[in-house]
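Secondary and tertiary structure notes
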Amino acid sequence: MRFNRSSQSSSFSKKRRRRAILAVVSGLLAIGSWLFVFSRLSFLPALAITRISVYGVDEDLTQVMNAAAAKAMEGSYMGLFSKANAFIYPHDEISKWISSSSPRVNNVIVKRNGLHSLAVSVSEKTPEAIVCADLPDLADNNLNPGDDCYVADGSGFIFRHLRKTDAKTHNQFYIPDLAGKKLLGVYATTAEKFNTLQMLMNSIKDSGINIHAILVKGGGDYELYADNPIPQDRAKPIPQDRAKPNGFSIVVIVMDERADLDVQRENLVAFWAKTVGDARVKGEKLEWNEIKLQYPPNVYHR
């Protein structure tokens, strides 16, 4: 008696396919059932984040950041799992929403505090410069910033208005080209240029020249404002537009980026040291109205 091997093989293959399909369908049903269960569980109020506490910022930002965090937790993942669930809340998304809620934000740390609460620690940017969208008022005794002034970080990113309580010891940048623009959350200049000017001013300060501010003009022209080195004779009137209550007057230092700024700085420091040293030895009073450095190696003054 003979068996038809091809018929047996075909029948066996069909049974194997049916078993495979059944296994796949069963597996999908099991996965779907578990997804349904976990989905329902994720929406349970007993497992939800119900309170958000923000720390480290002023009160004017607390409410804004609470709203930003709550917005990040709205809705669900693919319509299946609640974003407000304590175990699968969107940590990174919350950080991004809070960071974008204010240009003042420097860093955000989000942690769960118990089952139903989030603790959000926020650090604000540190002011490293003052940026004013106008011209300096030399009639103002200490070159105090005016009303249209802001604070910026080390890269020139402007993040809030200048407050009366802010230290006025930071480098001051007067950039009239910024007048009339919305400045919060933008850069005063390119970060590279801002950093270059910061280093320039700090380097000049380190040499003993008391720089207060810089005027950034168009075309790469700059004016720096510094104290004259030796107090004037109090009996001799100081021009009212440059007088300061400590007896010093303001000297305007002119520089131009079309010539090497480092060379101009070196020329200034050398000129200042020699001229001031000679004046002190002779006991002479010394005052400049203007020092021009943009034609190195020459230093012009009057």
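Report on the accompanying structure.

How each quantity is defined
- Residues numbered from 1 in each chain as written.
- Predicted model: local features only at pLDDT ≥ 70, side-chain atom pairs only at ≥ 80, totals over all residues.
- Heavy atoms only, no water.
- Phe/Tyr/Trp six-rings, centres within 6.5 Å; stacked < 30°, edge-to-face > 60°.
- Helix = DSSP H or I, 4+ residues; strand = E, 2+ residues; numbered from the N terminus.
- Buried < 20%, exposed > 50% of the residue type's maximum accessible area, 1.4 Å probe, protein only.
- Lys NZ or Arg CZ within 6 Å of the ring centre and 35° of its normal.
- Pairing = 2+ DSSP bridges.
- Patch = residues over 30% accessible without salt bridge, like charges linked within 9 Å, V, L, I, M, F, W, Y side chains within 5 Å.
- Areas by Shrake-Rupley, 256 points an atom, 1.4 Å probe, with all protein chains shown as cover.
- Salt bridge = Lys/Arg side-chain N within 4 Å of Asp/Glu carboxyl O.
- Lys, Arg positive; Asp, Glu negative; His and termini not counted.
- Charge placed at Lys NZ, Arg CZ, Asp CG, Glu CD.
- Axes fitted to C-alpha atoms, helices over the stretch in contact; angles between N-to-C directions.
- Expected span 1.5 Å × (residues − 1).
- Arc of directions from axis to C-beta.
- Parallel < 35°, antiparallel > 145°, perpendicular 65-115°, else oblique.
- Left-handed = near helix turned anticlockwise from the far one by under 90°.
- Contact = heavy atoms within 4.5 Å.
- Nonpolar A, V, L, I, M, F, W, Y, C, P; charged D, E, K, R; others polar.
- Disulfide = S-S within 2.5 Å.

Focus: the packing of aromatic side chains
Counted under the stated rule, the structure contains five aromatic pairs. Their ring planes at 55 degrees and their centres at 5.1 Å tell us that Trp272 and Trp288 sit as a pair that is tilted. On the criterion of sequence distance, the pair formed by Trp272 in helix 5 (residues 261-282) and Trp288 in the loop between helix 5 and strand 13 (290-292) is long-range, its members being 16 residues apart. Judged on exposure class, the residue Trp272 and its partner Trp288 are both buried. Consider the rings of Tyr295 and Tyr300, whose centres lie 6.3 Å apart with planes at 75 degrees: the pair is edge-to-face. Positioned over the ring face of Tyr77 is Lys83, at 5.7 Å from the centre of the ring.

Here's the deal with the pairing of strand 8 (residues 158-161)
Examined bridge by bridge, strand 7 (residues 149-152) and strand 8 share three bridges and lie antiparallel to one another. If you follow Tyr150 over to strand 8, its bridge partner there is His161.

A look at a positive patch on the surface
Taken together, Lys14, Lys15, Arg16, Arg17, Arg18 and Arg19 make up a surface patch of like positive charges. Relative to the assigned elements, Arg16 resides in helix 1 (residues 5-42).

Here's the deal with the sheet that holds strand 1 (residues 51-55)
With respect to topology, three strands assemble into an open sheet ordered 1-5-4, the strand pairing being mixed. The open sheet has two free edges, formed respectively by strand 1 and strand 4 (105-112), since each of these has just one partner strand. For this sheet, the mean angle separating the axes of adjacent strands, direction not counted, is 20 degrees. Pairing between strand 4 and strand 5 (residues 117-124): seven bridges, direction antiparallel. When the bridges of strand 5 are listed, Val108 appears paired with Val122.

Here's the deal with helix 2 (residues 59-72)
Between its terminal C-alpha atoms helix 2 stretches 21 Å, which fits the 20 Å expected from 14 residues at 1.5 Å a residue. All of the buried residues along helix 2 are Leu61, Met65, Ala68, Ala69 and Ala72. Within helix 2, the buried residues cover an arc of 95 degrees as seen down the axis, which keeps them to one side. Opposite the packed face of helix 2, turned more than 90 degrees from it, sit the exposed residues Glu59 and Gln63.

Some remarks on the packing of helix 4 (residues 191-206) against helix 5
It is the contact of helix 4 with helix 5, at a shortest axis distance of 11 Å, that shows an interaxial angle of 15 degrees. Comparing their axes, helix 5 and helix 4 come out roughly parallel. The two elements helix 4 and helix 5 meet at a crossing, and its hand is right-handed. In this structure, helix 4 contributes Thr196, Leu200, Ser203 and Ile204 to the contact, and helix 5 contributes Leu261, Arg265 and Leu268. For the contact of helix 4 with helix 5, the class distribution of residues is four nonpolar, two polar and one charged.

Quick notes on the environment of Asn66
Assignment of secondary structure puts Asn66 in helix 2. For Asn66, a relative accessible area of 22% corresponds to the partly exposed category. Separated by 32 residues in the primary sequence, Asn66 and Ile98 have C-alpha atoms spaced 8.2 Å apart. If we skip the residues at most four places from it in the chain, Asn66 touches Ile52, Ser53 and Val54.

Here we look at the state of the cysteines
Taken as a whole, this structure holds one disulfide when the rule is applied. Disulfide pairing is shown between Cys132 and Cys149; the S-S distance is 2.0 Å. Where Cys132 bonds to Cys149 through sulfur, the torsion about that S-S bond is close to 110 degrees, and the disulfide is right-handed. Here Cys149 lies in strand 7 and Cys132 lies in strand 6 (residues 129-132), a separation of 17 residues in the sequence. Of the two residues, Cys132 and Cys149, both sit in the buried class.

What about the sheet that holds strand 13?
Strand order in the open sheet formed by nine strands is 8-7-6-9-10-11-12-13-14, and the pairing between neighbours is mixed. Looking at strand neighbours, the two that pair on one side only are strand 8 and strand 14 (300-301), the edges of this open sheet. Bridging between strand 10 (residues 211-216) and strand 11 (residues 221-227) involves five bridges; their strand directions are antiparallel. Bridge pairing links Leu215 to Glu223 in strand 11.

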